[in-house]
Amino acid sequence: MSGPNEPLLEVRDLAVQFFTYQGTVRALEGVSLSVARGEIMGLVGETGCGKSVLARSVLRLIADPPGKITAGAIRFKGRDLLTLSRREMRRIRGNEISMIFQEPMSSLNPVFTVGSQMLEVVALHQAVGREEGRRICVEMLRQVKMPDAEQVLAKYPHELSGGMRQRVMIAMELSCRPDLLLADEPTTALDVTVQAQVLAILEGLTRQRGVAVLFISHDLGVIAQLCDRVAVMYAGGIIETAPAGAIFAAPRHPYTRGLLHAIPRIAARQESLAVIPGSVPSLVDPPPGCRFHPRCAERFFPCDRVVPPFYEPAPGHRVACHLHAGEEGRRSWERS
Amino acid sequence: MGAVVEAQNLIKHFPIRSGFLGRRVAYLKAVDGVSFSVERGETLGLVGESGCGKTTVGHLVLNLLTPDRGSVRFKGVDVRHLRGKALRALRRNIQVVFQDPHSSLDPRMLVKKTVGAPLAVNRLARGAELVQRVKAMLAEVGLNEEHVYRYPHEFSGGQRQRIGIARALITGPEFVVFDEPTSALDVSVQAQILNLVKELQRRHGYAYLFISHDLGVVKHMSHRIAVMYLGIIVETAASDSLFAAPLHPYTRALMNALPEPDPARRTMRALLAGDVPSPVHLPPGCRFHPRCPEVQGICTQRAPELREVKPGHRAACHLYR
């Protein structure tokens, strides 16, 4: 069973493939990640790096076919989610792990009022009557600082703005008191001033209730402002994991460094932006060795041959790059 | 030096029609009195949140929409009165790069035809000469000569945006509008495109109107910046001056809402409550007053004018009277 020091969620050596007409897409390979209780873990990467696939795999929402989880384990509170029956998995979804998506309009049903959709969720997970359910809904909406909470219940999703819809989603997802919230780019579709409001609400409520969050974003700024730890993904794998302070102050992987230097910042003066040459490789036929090596300015002889293992240059800071190999690593390249 | 492009008091209201007879029931006040000018070799950044009217301003300047009132002058000539040959010459000199490199290129056209189209339409080149000029243009935006005989789907997003830039610049325009050119791109690719756009300006002295919702991007690209809110410019200044000391409460809120990639400084603060009001039913007085943290009595009654607070730094706010 789960001990006190065991992470809430632990993904180990996960591999996910999609079988398409263009060939087998190796969307995730050898992905390991952990989220502690009450922690906000950031998962950052560019389009197509596999961050959403990872989140969906945790809830076993990968469409099969064409997708398949081909290897690995996902341990949640000591149980391997990949071995559970469909029924057991359904009890986990929503109750213990819930998820918020990027576009709240597609997560809400356009033909039912917000109130009826929220009541459905409340009734499904808690044994309460109609009146009590309604009271809970209003209370939930108040907690996400929704103005006119009572009136909002009678409205349809299209009558709300993007920011209000996302608040409704947060209220619904947290109503079941999950231990883990998967948030997949929840503020990407919003304007910055509204994004700041929604993130403040999300952070406040999850910290207050001790809900762990796996926060997925392509925006390093949002990740920096919100997360305790960060994992950086590139082309289907995690390449660096560290506490947020360490990863932004002293990034170790050339890709992480490149990303940070490519952002135009308002606090600094940059004549021209640092550039990562080329573009993201195809996952049907990914480069051998380190998947980043064709774009890496610091590549050397093992990079195009040997997949780099994780090295730990500082406590809690793990990086998959040959630059950080010690003597032992060097010997292993000579063998291969 | 005179301005390449000058917009004066642009107004564009879109009618909202309803019912069987299509009566005009209201107006969406997309642009409600916007003035600015752009000089040779200069970039004016236009920044604001979705729905603030920045794209409509771009379309008005491009002469793709006709303003209800106000004028756009290109090198001193009011573009509204141009016809025939003179209008075609104007279109050669004013070009645009759109946001989405996937939908702004015809999927069934070879790169040669897409990039060469402005030359062909304006009868500037044909045959072997056209191909030569397309190749030279592709080289200038960082693509290869052999890309001439490829289709858009064979390129990545960043490469497609380079094609869009090549198409805009091939006629040698004096003024280019960039409408969110990197919003659909990842940061690593965005940096490539932004550097390219800047470098091309340094080389050729184009005047740019750079439209974006991203303050960081606008700061990086622009010499001067205009901040838009609900159809008007609320603050305009040289880039350095704006970021050193923003005057308008909206500009300040926008800057504070920006998540800086630095966990040591938790800068992101939600200073504003609520959403942007509808541009159909504008609030009376200052249109920012319902969300303004520094609202006073006068704000609900009178709309502030855009006036110079410091040399070259103008704001539309009653705080500076």
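Note that the structure is a prediction, hence the values are computed from the model and not measured. (Residues numbered from 1 in each chain as written. Chains lettered and ligands numbered in written order. Predicted model: local features only at pLDDT ≥ 70, side-chain atom pairs only at ≥ 80, totals over all residues.)

Q: Can you help me understand the overall build of chain B in this one?
A: Along its length, chain B carries nine helices and twelve strands. Relative to the 2.2 N^0.38 estimate, which gives 20 Å for 321 residues, the radius of gyration of chain B is 21 Å and therefore close to what a compact globule would have. With the C-alpha coordinates aligned to their principal axes, the bounding extent of chain B is approximately 70 × 55 × 45 Å. Taken across its 321 residues, chain B has 47% of its residues classed as buried. (Helix = DSSP H or I, 4+ residues; strand = E, 2+ residues; numbered from the N terminus. Rg over C-alpha atoms; globule rule 2.2 N^0.38 Å. Buried ≥ 20, exposed ≤ 12 C-beta atoms within 10 Å, placed from the backbone.)

Q: I'm lost on the overall build of chain A in this one. Help?
A: For chain A, the helix and strand inventory stands at twelve helices and twelve strands. Rg of the C-alpha trace for chain A: 21 Å, near the compact-globule value of 20 Å for 336 residues, within the 12% margin. Referenced to the eigenvectors of the C-alpha coordinate spread, the extents of chain A come out at roughly 70 × 50 × 45 Å. When contacts within chain A are restricted to residue pairs at least 6 apart in sequence, long-range pairs at least 24 apart make up 64% of them. (Contact = placed C-beta atoms within 7 Å.)

Q: What exactly am I supposed to notice about the sheet that holds strand β1 (residues 3–18) of chain B here?
A: Paired through their backbone hydrogen bonds, the strands of a sheet run either parallel or antiparallel. Residues and elements named next belong to chain B. Pairing within the open sheet is antiparallel, and its four strands lie in the order β2-β1-β4-β5. With partners counted over all chains shown, the strands left at the sheet margins are β2 (23–39) and β5 (77–78), one partner each. Of the strand pairs in this sheet, strand β4 (residues 69–74) and β5 are connected by two bridges, and their pairing is antiparallel. Within β5, the position partnered with Arg73 by the bridge is Asp78. Packing of helix α1 (residues 54–61) onto the sheet brings it into contact with β1, β2 and β4, and relative to β1 it is tilted by some 120°. (Pairing = 2+ DSSP bridges. Axes fitted to C-alpha atoms, helices over the stretch in contact; angles between N-to-C directions.)

Q: Please explain the packing of helix α3 (residues 111–121) of chain B against helix α4 (residues 127–140) of chain B as it appears in this structure.
A: For any two helices packed against each other, one specifies the inter-axial angle together with the distance between the axes. All names here are of chain B. Contact pair α3 / α4: the axes reach a minimum separation of 9 Å and the direction vectors enclose 115°. Crossing handedness for the pair α3 and α4: right-handed. Contacts between α3 and α4 pair Lys112, Val115, Gly116, Leu119 and Ala120 from the former with Leu130, Val131, Arg133, Val134, Met137 and Leu138 from the latter. (Left-handed = near helix turned anticlockwise from the far one by under 90°.)

Q: Any chance you could explain the pairing of strand β4 (residues 67–76) of chain A here in plain terms?
A: The side chains of a regular strand alternate, residue by residue, between the two faces of the sheet. Residues and elements named next belong to chain A. Across eight bridges, the pairing between strand β1 (residues 9–20) and β4 is antiparallel. Bridging from a neighbouring strand, Phe18 pairs with Gly67 of β4. Across two bridges, the pairing between β4 and strand β5 (residues 79–80) is antiparallel. Pairing of Arg75 across the sheet is with Asp80, part of β5. In textbook terms, the turn of a hairpin is the stretch between consecutive antiparallel strands, and for β4 and β5 this stretch comprises two residues, one of which, Lys77, has a positive phi near 50°.

Q: Help me out: how do you make sense of the interface of chain B and chain A in this one?
A: Reports of interface size often rely on the accessible area that becomes lost once the parts have come together. Counting residues at the interface gives 37 residues for chain B and 38 residues for chain A. Elements with a minimum of two residues in the side of chain B that touches chain A: α6 (187–204), α7 (215–221) and α9 (249–257) of chain B. A per-element tally of the side of chain B that touches chain A places α6 of chain B first, with eight residues. Considering only residue class, the side of chain B that touches chain A consists of 19 nonpolar, nine polar and nine charged. (Nonpolar A, V, L, I, M, F, W, Y, C, P; charged D, E, K, R; others polar.)

Q: What is the right way to read the confidence of the model for chain B from this model?
A: Parts of the prediction with low pLDDT should not have their coordinates interpreted in detail. All names here are of chain B. Per-residue confidence for chain B gives a mean pLDDT of 91, with 100% of residues at or over 70. Mean pLDDT across the elements of chain B ranges from a minimum in helix α2 (residues 84–93), with 89, to a maximum in strand β3 (residues 43–47), with 97. Both confidence scores are given for the complex: pTM 0.89, ipTM 0.84. (pLDDT = per-residue confidence, 0-100.)

Q: I would appreciate a short explanation of unusual backbone geometry in the present structure.
A: In terms of backbone geometry, most residues other than glycine have negative phi values and most peptide bonds are trans. With an omega dihedral of -5°, the bond running from Asp64 of chain A to Pro65 of chain A counts as a cis peptide bond. Along the chain, Pro65 of chain A turns up in the loop between α1 (51–58) and β4. Residue Pro66 of chain A is bonded to the preceding Pro65 of chain A through a cis peptide linkage, with omega at 5°. Positionally, Pro66 of chain A belongs in the loop between α1 and β4. With a phi close to 50°, Glu180 of chain B is a non-glycine residue in the positive phi region. In this fold, Glu180 of chain B is placed in the loop between β7 (175–179) and α6. Given 19 C-beta atoms within 10 Å, Glu180 of chain B falls into the partly exposed group.

Q: It is not clear to me how α4 of chain B should be interpreted in this structure. Could you clarify?
A: Helical periodicity: at 3.6 residues per turn, an α-helix aligns residues three or four positions apart in one direction. Residues and elements named next belong to chain B. Taking 1.5 Å per residue, 14 residues should reach 20 Å; α4 reaches 20 Å between its end C-alpha atoms and fits that length. Inspection of α4 places Val134, Met137 and Leu138 among the buried residues, and these make up the whole buried set. For α4, the angular spread of buried residues about the axis comes to 100°, placing them on one side. Of the residues in α4, the exposed ones pointing more than 90 degrees away from the buried face are Ala128, Glu129 and Ala136. (Expected span 1.5 Å × (residues − 1). Arc of directions from axis to C-beta.)

Q: Could you clarify how one ought to interpret the environment of Glu6 of chain A in this entry?
A: Among the structural elements, Glu6 of chain A can be located in the segment before β1. A C-alpha to C-alpha distance of 45 Å links Glu6 of chain A and Ser272 of chain A, two positions 266 residues apart in sequence.

Q: Explain the sheet that holds strand β3 (residues 40–44) of chain A to me, please; I cannot follow it from the model alone.
A: Residue and element names in this part refer to chain A. Taken together, the eight strands give an open sheet; going across it, the order is β6-β7-β8-β3-β9-β10-β12-β11, and neighbouring strands pair in mixed fashion. Looking at the sheet topology across the chains shown, the edges are occupied by β6 (97–100) and β11 (311–314). Across this sheet, the average inter-strand angle for adjacent strands is 20°, counted without regard to direction. Pairing geometry for β11 and strand β12 (residues 317–319), over two bridges, is antiparallel. By the bridge assignment, Tyr311 is partnered in β12 with Val319.

Q: Whenever I open this one, the environment of Cys176 of chain A confuses me. Can you help?
A: Residue and element names in this part refer to chain A. Within the fold, Cys176 resides in the loop between α7 (162–175) and β7 (180–184). The exposure class of Cys176 is partly exposed, given the 17 C-beta atoms found within 10 Å. The sequence separation of Cys176 and Glu132 amounts to 44 residues, and the corresponding C-alpha distance is 15 Å. For Cys176, the residues in contact, after removing those within four places along its chain, are Gly94, Asn95, Ser98 and His125.

Q: So what exactly am I meant to see when it comes to the pairing of strand β11 (residues 307–310) of chain B here?
A: Residue and element names in this part refer to chain B. Taken together, the three bridges between β11 and strand β12 (residues 313–315) define a ladder with antiparallel strand orientation. Following the sheet pairing, Arg307 is matched in β12 by Ala315. If you look at the hairpin formed by β11 and β12, you'll find two residues sitting between the two strands, and Gly312 has a positive phi there, around 75°.

Q: Help me out: how do you make sense of α7 of chain A in this one?
A: Residues and elements named next belong to chain A. Taking 1.5 Å as the rise per residue, α7 with 14 residues should run 20 Å; its terminal C-alpha atoms sit 20 Å apart, in good agreement. The buried fraction of α7 amounts to 13 of the 14 residues, a majority that puts the element mostly inside the structure. Remark: Arg177 follows α7 within two positions and exhibits a positive phi of approximately 50°.

Q: What is the right way to look at the environment of Glu145 of chain B in this model?
A: All names here are of chain B. Within the element layout of this structure, Glu145 appears in the loop between α4 and α5 (157–169). You can call Glu145 partly exposed: it has 13 C-beta atoms within 10 Å. If we ignore the near neighbours within four places in the chain, the residues touching Glu145 are Lys135, Leu138 and Ala139.

Q: Which parts of the structure should I look at to understand the packing of helix α11 (residues 254–262) of chain A against α6 of chain B?
A: Direction vectors running N to C along α11 of chain A and α6 of chain B enclose 50°, while the axes themselves pass 9 Å from each other. Here α11 of chain A is positioned oblique relative to α6 of chain B, judged by the angle of their axes. For the element pair α11 of chain A and α6 of chain B, the recorded crossing hand is left-handed. Contact with α11 of chain A, carried on its side by Gly258, Leu259 and Ala262 of chain A, involves Val187, Ser188 and Ala191 of chain B of α6 of chain B and no other residues of that element. Class assignment of the residues belonging to the contact of α11 of chain A with α6 of chain B gives a composition of four nonpolar, two polar and no charged. (Parallel < 35°, antiparallel > 145°, perpendicular 65-115°, else oblique.)

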